[in-house]
Amino acid sequence: MAGTRGWLRLSSIAAAIGALLVVTACGEGGSGDGGKDGDKTIRIAYQAFPSGDLIVKEKGWLEKALPGYQVKWTKFDSGASINTAFVAGSVDLAAIGSSPVARGLSEPLNIPYQVTWVLDVAGENEALVARNGSKVSSVKDLEGKKVATPFSSTSHYSLLAALDQAGVDASKVQLLDLEPQDILAAWTRGDIDATYVWLPTLEELKKTGKVLVSSRELAAAGKPTLDLGVASTSFLKAHPDVLPAWRKAQAQALDLIHEDPDAASAAVGKQLGISPAEAGAQIKQGIFLKPAEQADAKWLGTPGKVGGLADNLHSAAQFLVDQKQIDSAPDLDKLRKSIYVEGLTDAVSP
């Protein structure tokens, strides 16, 4: 059966890549040459959740720092689709969850990208919520129920962790693979009983649902999830001037979140199409490091001493193996080599 699962997984990946390449050929995904010397395009995959990444986009800081480049921002709905874009060679930099990164660095994907930044640590900004009227009041009640989440995402990982923690066999839960916007529609129709998803969709669902467990609680229980910045290895080599500027912009965004929350909320609100007050409330639900903490031994670390983030990714990959989501986890040494710490200290220095 393991071989069959692997074949099906590879077939799905191949089909997804084929579809993406068609989109790319039509001009939506970039030229595919972003990692080559001489190309002056930076193709960034972003997701619409409250983060410093949205502030950088709204403020145009990267464009100002690198006037010789054309910066193309493309919105993605999940980490799984971003991984597919990396496999297809149509993305250079991205905001993506730690669980999809752990999967991307494992067989059969083996994506040649490296982790360059911690955008946020999941708190109440990702949670498992049950719909009012579903007769679900605890995680244990989910057996036999329909529960949606974007597969291969941090929410999928956290959902499996929550079920495992509660002693619920995931095979006895009707798990549905839906993107956030589809989850909202299914919820409204009453087609699903619960979902594990992130902001801003989560905020809308909480109006007619009950939070069963948050990612902050799961982190305290030993299953933390994060949103990370990653970069194509070939792009890092071809354009060594881009990452320092990108990191400086991300550090500036984190400073804004901590030092001027009103300005940060206004910028995020514009990107999400919500009021500054709503954006501010959502930002408070996440955990944002201060720039200097990026180089802490708990997170990315420093040259010659990669931080604990590699261990976090290894634990995530091993959990995915235990849950039969992937066949094997990469060894810790490989994951340490996938944490890009060169120049990090300079980028986060005041």
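Residues numbered from 1 in each chain as written. Predicted model: local features only at pLDDT ≥ 70, side-chain atom pairs only at ≥ 80, totals over all residues. Heavy atoms only, no water.

Side note on the layout of surface pockets
Estimated volume of the second largest pocket: approximately 420 Å³. Taken together, 21 residues line the second largest pocket, and the ones lying closest to its centre are Ala48, Leu199, Pro200, Thr201 and Leu272. Looking at the lining of the second largest pocket, the elements with two or more residues in it are helix 7 (180–189), helix 8 (201–205) and helix 13 (276–283). Residues that form the lining of the second largest pocket fall into these classes: 11 nonpolar, 4 polar and 6 charged. (1 Å grid on protein atoms, 1.4 Å probe; cavity = no way out; pocket = protein on both sides within 12 Å on 5 of 7 lines; lining within 4 Å. Points joined across faces, edges and corners; volume = space filled by probe spheres on them. Helix = DSSP H or I, 4+ residues; strand = E, 2+ residues; numbered from the N terminus. Nonpolar A, V, L, I, M, F, W, Y, C, P; charged D, E, K, R; others polar.)

Re the sheet that holds strand 1 (residues 41–46)
Pairing is mixed in the open sheet, where 5 strands are placed in the order 2-1-3-10-4. The open sheet is flanked by strand 2 (70–75) and strand 4 (113–121), the only strands paired with a single partner. Averaged over all pairs of adjacent strands, the angle between strand axes in this sheet comes to 25 degrees, irrespective of strand direction. Sheet analysis places strand 1 next to strand 2, joined by 6 bridges and oriented parallel. Looking at strand 2, one finds that Arg43 is bridged to Lys72. The sheet strands contacting helix 14 (residues 309–322) are strand 4 and strand 10 (226–232), and the helix crosses strand 10 at an angle near 100 degrees. (Pairing = 2+ DSSP bridges. Axes fitted to C-alpha atoms, helices over the stretch in contact; angles between N-to-C directions. Contact = heavy atoms within 4.5 Å.)

So, the packing of helix 11 (residues 242–259) against helix 12 (residues 261–272)
Orientation of helix 11 relative to helix 12, taken along the N-to-C sense of each, is 120 degrees, at an axis distance of 5 Å. If you check the angle between helix 11 and helix 12, you find them oblique. Residues Leu256, Ile257, His258 and Glu259 of helix 11 touch helix 12, and the partners they reach there are Pro261, Ala263 and Ala264. (Parallel < 35°, antiparallel > 145°, perpendicular 65-115°, else oblique.)

With respect to the nonpolar core
In this structure, Ile42, Ile55, Val101, Val115, Val118, Leu128 and Leu313 are the most contacted members of the largest nonpolar core, which totals 96 residues. Considering each element in turn, this core owes the most residues, 10 residues, to helix 11. Contacts of Leu128, omitting those with residues within four sequence positions, involve Val139, Leu142, Val147, Leu159, Ala194, Thr195, Tyr196, Lys210, Val211, Leu212 and Val213. Judged by nonpolar contacts, the second largest core, of 11 residues, contains Val129, Trp187, Leu202 and Leu205. (Core = buried A, V, L, I, M, F, W, Y, C linked by side-chain atoms within 4.5 Å. Buried < 20%, exposed > 50% of the residue type's maximum accessible area, 1.4 Å probe, protein only.)

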